[in-house]
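The primary structure of each chain is shown beneath.
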Amino acid sequence: MAIVHKASLLAIIGCLCLCGAAIAARELNHDLPTMVARHESWMAQYGRMYKDAAEKAQRFEVFKANVAFIEAFNAAGDNKFWLGVNQFADITNDEFRTTKTNKGYKANPVRVRSTGFRYENVSFDALPATVDWRAKGAVTPVKDQGQCGCCWAFSAVAATEGIVKLKTGTLVSLAEQELVDCDVHGEDQGCEGGLMDDAFKFIIKNGGLTKESSYPYTASDGKCKSGSNSAATITGYEDVPANNEADLMKVVANQPVSVAVDGGDMTFQFYSGGVMTGSCGTDLDHGIAAIGYGKTSDGTSYWLMKNSWGASWGEDGYLRMEKDIADKKGMCGLAMEPSYPTK
Ligand SMILES: *[C@@H]1O[C@H](CO)[C@@H](O)[C@H](O)[C@H]1NC(C)=O
């Protein structure tokens, strides 16, 4: 009981440090008692518990190094985006990179991309300058995949929720758990990873997907339960031509799109806000959804992405990534394998 008490008191102190007196905080942050307090307060905030003192000491060292990296990155001041001490602050980037937990896109080199592309004749010049599908009611609140590598299900569901809303007028939150439990006879393997295109194939074959409220998310592999799948149906899916941000823009102007990215870099791990720019890998390991695009007042074009790491990650659970970069693969490989359901 005493420990819980202390933790919540420290959470308040931690908050004060973050909200005020930046200079004082910067000087204090790196002395040991303050850093211990920040770790404790962070543990309370994210409900983190360690099995013993040794694990806690080891995780504290990682936390301290991550905080130093985040503060140095932000202090450099020449970035278009900034980082924050989020739920991944006590794991190393190697751990973040190699575990499928919180990600789970299964790269498949032998995969054949579909050839149909219904937006091929859309006039590029006629596209709106800004798109945000949230403003059109086509995006459900940000979800949290937790410790389960089924980003592919969240990404496919976000795009499906979008097209269903646009075709039927109704926004329904759909069940990722049905994909995790039931889409197990092909490439997709629940918390062990999967592909958005295979999720679309399953949804078509399954006669649709049920509502989130009828099949709640558990963040673990479970037994497939049958139920009504009529909440949302799709008739097909198409792949956006690879490595072409202009074609991707034609689709995103018309509907939310599933996008695979390399979500393994430290800048992805700790992204807190702004437009992600600079170098990033292209080893696709994470699925998200492009739900819009736009341009900042300083002229930086961006994609607006919905992630599935909860609303406390990034910009209330969303992320902006630089658009139209020199590398045709796009920022973090976002233009390599985008796809969308059709109806
Ligand atoms: C685009 O235009 C070409 C030429 O008119 C046509 O052959 C093709 O079917 C069109 N594509 C779509 C998806 O409508």
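Coordinates for the structure precede this section.
This text gives an overview of the structure that appears in the document. Here the structure is a predicted model, which means the values were calculated and not measured.

What to know about the overall build of the protein
Inference 1: A count of helices and strands for the protein gives ten helices and nine strands.
Inference 2: Per-residue burial for the protein yields a buried fraction of 52% across its 343 residues.
Inference 3: Across the protein, the fraction of contacts at a sequence separation of at least 24, relative to all contacts at a separation of at least 6, is 75%.
Inference 4: Summing over all exposed atoms, the protein offers an accessible surface of approximately 15400 Å²; the carbon and sulfur share of this is 56%.

With respect to the site of the ligand
Inference 1: Taken together, the residues surrounding the ligand are F117, R118, E120 and N121.
Inference 2: One nitrogen or oxygen atom from the side chain of E120 is found 2.8 Å from a nitrogen atom belonging to the ligand.
Inference 3: Between N121 and the ligand, the recorded distance is 2.3 Å, taken from a side-chain N or O atom to an oxygen atom.
Inference 4: In the complex, 30% of the free accessible area of the ligand, which totals 360 Å², lies under the protein chains.

Describing helix α3 (residues 32–45)
Inference 1: For α3, built from 14 residues, the straight-helix expectation of 20 Å at 1.5 Å per residue is met to within 8% by its first-to-last C-alpha distance of 20 Å.
Inference 2: Taken together, the buried positions of α3 are occupied by T34, M35, R38, H39, E40, S41, W42 and M43.
Inference 3: Once α3 ends, the next one or two residues include G47, with phi positive near 60°.

Side note on helix α6 (residues 151–168)
Inference 1: With 18 residues, α6 ought to run about 26 Å at 1.5 Å a step, and its terminal C-alpha atoms sit 25 Å apart, in line with that.
Inference 2: With 15 of its 18 residues buried, α6 lies for the most part within the structure.
Inference 3: Taken from the residues just after α6, G169 is the one with a positive phi, measuring 85°.

Quick word on the pattern of salt bridges
A pair can form between side chains of opposite charge whenever their charged atoms are brought close.
Inference 1: Scanning all chains against the criterion turns up 19 salt bridges.
Inference 2: With a shortest N-O distance of 3.1 Å, R118 and E238 are connected by a salt bridge. Of the two residues, R118 is situated in the loop between α5 (93–98) and β2 (131–132) and E238 in strand β3 (residues 236–239); the sequence distance between them amounts to 120 residues.
Inference 3: We classify E238 as buried; its relative accessible area is 12%.
Inference 4: Two residues, R134 and D132, come together in a salt bridge whose shortest N-O distance is 3.0 Å.
Inference 5: Given a relative accessible area of 33%, R134 falls into the partly exposed group.

A few points about the environment of E176
Inference 1: Relative to the helices and strands, E176 resides in helix α7 (residues 176–182).
Inference 2: We classify E176 as buried; its relative accessible area is 1%.
Inference 3: Sequence separation of E176 and F154 is 22 residues, and the distance between their C-alpha atoms is 6.0 Å.
Inference 4: Apart from residues lying up to four places away in sequence, E176 is in contact with K143, A153, F154, V157, E212 and Y217.
Inference 5: Here the side chain of E176 touches K143 through a polar contact of 2.9 Å, side chain to side chain.

Points about the packing of aromatic side chains
Inference 1: One pass over the full model with this rule turns up 17 aromatic pairs.
Inference 2: Between F117 and Y119, the ring centres sit 6.4 Å apart and the planes meet at 70°, which makes this aromatic pair edge-to-face.
Inference 3: Taking relative accessible area as the criterion, F117 reaches 10% and is therefore assigned buried.
Inference 4: Considering the side-chain rings of Y293 and W303, the 6.0 Å spacing of their centres and the 80° angle between planes classify their relative orientation as edge-to-face. Separated by ten residues along the polypeptide, Y293 in strand β6 (residues 286–295) and W303 in strand β7 (residues 301–306) bring together distant segments of the chain.

What counts as what
- Residues numbered from 1 in each chain as written.
- Predicted model: local features only at pLDDT ≥ 70, side-chain atom pairs only at ≥ 80, totals over all residues.
- Heavy atoms only, no water.
- Helix = DSSP H or I, 4+ residues; strand = E, 2+ residues; numbered from the N terminus.
- Buried < 20%, exposed > 50% of the residue type's maximum accessible area, 1.4 Å probe, protein only.
- Contact = heavy atoms within 4.5 Å.
- Areas by Shrake-Rupley, 256 points an atom, 1.4 Å probe, with all protein chains shown as cover.
- Near = heavy atom within 4 Å.
- Polar contact = N/O pair within 3.5 Å; in protein donor to acceptor, adjacent residues only side chain to side chain.
- Expected span 1.5 Å × (residues − 1).
- Salt bridge = Lys/Arg side-chain N within 4 Å of Asp/Glu carboxyl O.
- Phe/Tyr/Trp six-rings, centres within 6.5 Å; stacked < 30°, edge-to-face > 60°.

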